[in-house]
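The residues making up each chain are set out below.
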Amino acid sequence: MTKRKRIQEETELLTSTKSTDQRSLQNDTHLPKPRKNGRKRGSSKEVDPIFPGHSKSSHIVSSPLPIRKALLKWYATVCTDRGMPWRKPHDVNLDMKERAQRAYEVSCVVNVPSTYLSEVVVQQTQVATVIPYYNAWMKKFPTVADLAESSLDEVNALWKGLGYYSRASRLLTAAQIVVRDYQGRLPNNAKEMEAHIPGIGRYSAGAISSIAYGERVPVLDGNVHRLFSRFLVLHAPPKSKATQDILWAAATAMVEHEYDDADHPGDINQALIELGSTICRLRDPCCGDCPLNPWCGAYNKAIRSLPDIEDLCELCEPLTEENGVTAYPMKAKKKKARVELDVVSIVEWRSIDDRQFLLVRRPDKGLLAGLYEFPTTYMASAPASMEMAPDLLHHHLLDVLEDSVLPYKERSLQNLEPKCSSSPEYRVVNITPMGDVSHVFSHIKKTYRVQWVVIEGGCVPPVLKCGPGQPSSDHGAYNTPKNAFWASVTNVTKANISTGVNKIWKYALTIWETQEVCS
């Protein structure tokens, strides 16, 4: 049965229920009998207990003016409560250069990651966590030109801990494009910004352009998506194009329709984001404090008059249970994270009085772009992973070491502690399995199979093909990116390593301390 036919039958049933005595309805063999649990006979889905059939116009913001006025009045009282340094009062007296700097501070990419760093990073990170990063970023890169002249290692050093490292790389690329092609100023309209600046999508372009340049363009992040889904009682697949079109149209109406010139579009958009973040929360929304509750469909739960059959909404799915406001938006089906196994080799060179650990640089694109890690074999086959480990390791060493290192020859081990050697010949003297470390990314469940590899020989670590590559004094920033470098025990965590690599390192330190292997 098509959704349209189902809705039509539900509507006819409701109409008949209103006009017919319940007893005569039960004797009518031509109509399905209502069930106590809200389900239609023969259907595994429950019928929406609030709107068995509703008009498509239910999902339109038709009169935004009073809604906008209530929203901005509320926003004026709370806009400074969370102390976000990128939020500043709208200043109509700013010239174009100052607005471009504001775009940099307020938004991301290319004039310098301010909005990108502020509004884009905040999408997936708590505000309290982002503020110190933002302040450090603006101190290090006060203008887009300063960012454009930096290296990826310097950018990653400041980004360390936020995750989503590909964004840091795009920020740098964007800044370089802005300086090269736009005289150091972020484009002043969302369309051009989205088309030509890496890392800027529709949401980011709308946030930057409306806040910094006053362009009347909408925003739709997760907070605004949730807010309008409830406001418009839209219970439909959240990622479908039809759903996205309805929500973008609502956000557009708020900044474009029936507007007063005094209503700054940047304030409207920031107010929507703030309302979704602090009041219309995913769990435990504060509906009583919401300035939009007089118009909110989910809050009022008003049964609307039955629409003409030609105007029936065919997008919304039946509610599976009555959860009030939190039934909206419809829950998206989560994609199962893929499972991967990596073999990680903690390669140590040691002499009588020194210990150094090999860190290699990941590619500039892809997952954890430009960060450092221990030599790793990606997506290894679990049964064969440890059997192949010595050969895989030897290939890694050949790739990064100028000095030759004799491969490991298995021998009986009585103690995990390797014996230091003064021989000038470099040799792998020990490979010890250390166990597994689990780490979950947003879309990948990683298992790191860790092994400890000890190289002995010589008075200094083996020479690297990329040069000595010792870290600079600012612990993480490098004047020239190195493909690999040796780090002391205390400097491993000061390098630009990811959270997962840091977890591996802490795990290894714990094992060494527990087994009293290394002093």
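What you see is a predicted model; the values in this text were computed from it and never measured.

Caption draft 1: Just unusual backbone geometry, in detail. Cis geometry marks the peptide bond from Y328 to P329; its omega dihedral reads -5°. Along the chain, P329 falls in the loop between helix 15 (297–300) and strand 1 (338–350). Within the chain, Q183 stands out as a residue other than glycine whose phi angle is a positive 55°. Tracing the chain through its elements places Q183 in the loop between helix 9 (165–181) and helix 10 (190–196).

Caption draft 2: Structural view of the packing of aromatic side chains. A full pass over the atoms with the stated rule returns 10 aromatic pairs. Ring geometry for W452 and W512: centres 5.2 Å apart, planes at 55°, overall tilted. Placement of W452 in strand 6 (residues 444–456) and of W512 in helix 18 (residues 499–515) is noted, with a sequence separation of 60 residues between them. The same class applies to W452 as to W512, namely buried. Where W505 meets W512, the ring centres are 5.8 Å apart and the plane angle is 85°; that geometry is what we call edge-to-face. W512 sits in the buried class, given a relative accessible area of 3%. Members of the aromatic cluster, joined through ring pairs, are F357, F374, W452, W505 and W512. Looking at R202, its charged tip hangs above the ring of W248, at a distance of 3.7 Å from the centre. Directly above the aromatic system of W512 lies the positively charged group of R355, at a separation of 5.1 Å from the ring centroid.

Caption draft 3: Highlighting the nonpolar core. Membership of the largest hydrophobic core comes to 66 residues, with the highest contact counts inside it found for W137, I197, I346 and F374. One finds L71, F231, L234 and A298 within the second-largest nonpolar core, a separate group that totals 46 residues.

Caption draft 4: Molecular detail of the environment of K191. The residue K191 is located in helix 10 in this model. Taking the C-alpha atoms as reference, K191 lies 9.7 Å from G201; in sequence the two are 10 residues apart.

Caption draft 5: Just helix 6 (residues 127–140), in detail. Relative to the 20 Å expected for 14 residues at 1.5 Å per residue, helix 6 spans 20 Å between its end C-alpha atoms, a close match to the ideal helical length. If you check which residues of helix 6 are buried, you get V127, V130, I131, Y134, W137 and M138. Projected down its long axis, helix 6 carries its buried residues within an arc of 135°, all on one side. Among the exposed residues of helix 6, those oriented more than 90 degrees off its buried face are A128 and K139.

Caption draft 6: Main features of helix 4 (residues 96–106). Among all positions of helix 4, only A100, R102, A103, Y104, E105 and V106 are buried. In this structure D95 caps helix 4, since a side-chain oxygen of it lies 3.2 Å from the backbone nitrogen of K97.

Caption draft 7: Representation of the environment of R87. Residue placement: R87 occurs in the loop between helix 3 (64–78) and helix 4. The spacing of R87 and D267 is 180 residues in sequence and 9.7 Å in space, taken between C-alpha atoms. Non-local contacts of R87, meaning those with residues more than four positions away in its chain, are made with Y75, C79, R102, Q270 and E274. At a separation of 3.4 Å, a polar atom in the side chain of R87 contacts the side chain of Q270.

Procedures and definitions
- Residues numbered from 1 in each chain as written.
- Predicted model: local features only at pLDDT ≥ 70, side-chain atom pairs only at ≥ 80, totals over all residues.
- Heavy atoms only, no water.
- Helix = DSSP H or I, 4+ residues; strand = E, 2+ residues; numbered from the N terminus.
- Phe/Tyr/Trp six-rings, centres within 6.5 Å; stacked < 30°, edge-to-face > 60°.
- Buried < 20%, exposed > 50% of the residue type's maximum accessible area, 1.4 Å probe, protein only.
- Lys NZ or Arg CZ within 6 Å of the ring centre and 35° of its normal.
- Core = buried A, V, L, I, M, F, W, Y, C linked by side-chain atoms within 4.5 Å.
- Expected span 1.5 Å × (residues − 1).
- Arc of directions from axis to C-beta.
- Polar contact = N/O pair within 3.5 Å; in protein donor to acceptor, adjacent residues only side chain to side chain.
- Contact = heavy atoms within 4.5 Å.

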